[in-house]
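For reference, the chains in residue letters:
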Amino acid sequence: MGFKSRAKKKQKEASDAKGPSVKIKEEYSGEVRCDVADCGNWADKKIGGRKLAFDRAADIWGEDGLLGSSRRVTVCKSCYKEWKKAKKDDPNEWG
Ligand SMILES: [Zn+2]
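Read on for a plain summary of the structure. (Residues numbered from 1 in each chain as written. Predicted model: local features only at pLDDT ≥ 70, side-chain atom pairs only at ≥ 80, totals over all residues.)

**Regarding the overall build of the protein chain**
Turning to step 1, where the next piece is worked out: Across its full length, the protein chain carries 4 helices and 2 strands.
Turning to step 2, where the next piece is worked out: Starting at the N terminus and ending at the C terminus, the protein chain contains elements arranged as α-β-α-β-α-α.
Turning to step 3, where the next piece is worked out: By residue count, 17% of the 95 residues in the protein chain fall in the buried class.
Turning to step 4, where the next piece is worked out: Excluding contacts between residues fewer than 6 apart, the proportion of contacts in the protein chain whose partners are at least 24 apart in sequence is 49%. (Helix = DSSP H or I, 4+ residues; strand = E, 2+ residues; numbered from the N terminus. Buried ≥ 20, exposed ≤ 12 C-beta atoms within 10 Å, placed from the backbone. Contact = placed C-beta atoms within 7 Å.)

Set out below in structure tokens:
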């Protein structure tokens, strides 16, 4: 690996960056938003989103902390984790 080959590589990268496919990693754009009011993450099923019964979700975030008004809310992966963790302390949920 001499200087020349490295220079060549650099040149290639530079020209790649100029092309139309310059778009670097785009932010994931989903279809379903997490229903937890102060979250705002995507909650698509394919990225780990889950549906919870409203009442069960309200146990953790409270009715005011949820955006959905239907009987089911959709939460993102991290909110679901949070919910699951909180529910672990509730013996009724796992008995
Ligand atoms: Zn969330």
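Still to come is the rest of the account.
**Some points on the environment of Tyr80**
Turning to step 1, where the next piece is worked out: As for its position among the elements, Tyr80 is in helix H3 (residues 77-88).
Turning to step 2, where the next piece is worked out: Counting along the chain gives 37 residues from Tyr80 to Ala43, while the straight-line C-alpha distance between them is 9.7 Å.
Turning to step 3, where the next piece is worked out: Once you skip the residues sitting within four places of it in the chain, Tyr80 turns out to touch Arg50 and Val75.

**Considerations on the nonpolar core**
Turning to step 1, where the next piece is worked out: Counting residues in each nonpolar core, the largest one holds 13 residues, and the members touching the most others are Cys34, Val36, Ala57, Val75, Cys76 and Cys79.
Turning to step 2, where the next piece is worked out: Only helix H2 (54-61), strand E2 (72-75) and H3 provide two or more residues apiece to this core.
Turning to step 3, where the next piece is worked out: If we skip the residues at most four places from it in the chain, Cys79 touches Cys34, Val36 and Cys39. (Core = buried A, V, L, I, M, F, W, Y, C linked by C-beta atoms within 7 Å.)

**Focus on the environment of Gly65**
Turning to step 1, where the next piece is worked out: Tracing the sequence through the fold places Gly65 in the loop between H2 and E2.
Turning to step 2, where the next piece is worked out: Spatially, the C-alpha atom of Gly65 lies 5.1 Å from that of Ala37, the residues being 28 residues apart in sequence.
Turning to step 3, where the next piece is worked out: Dropping the residues within four chain positions of it, Gly65 is found in contact with Val36 and Ala37.

**Points about the environment of Val32**
Turning to step 1, where the next piece is worked out: For Val32, the location among the structural elements is in the loop between helix H1 (3-18) and strand E1 (50-53).
Turning to step 2, where the next piece is worked out: You can call Val32 partly exposed: it has 17 C-beta atoms within 10 Å.
Turning to step 3, where the next piece is worked out: For the pair Val32 and Thr74, spaced 42 residues apart in sequence, the C-alpha separation works out to 7.8 Å.
Turning to step 4, where the next piece is worked out: Setting aside anything within four residues of it in sequence, one finds Val32 in contact with Trp42, Ala43, Asp44, Gly49 and Thr74.

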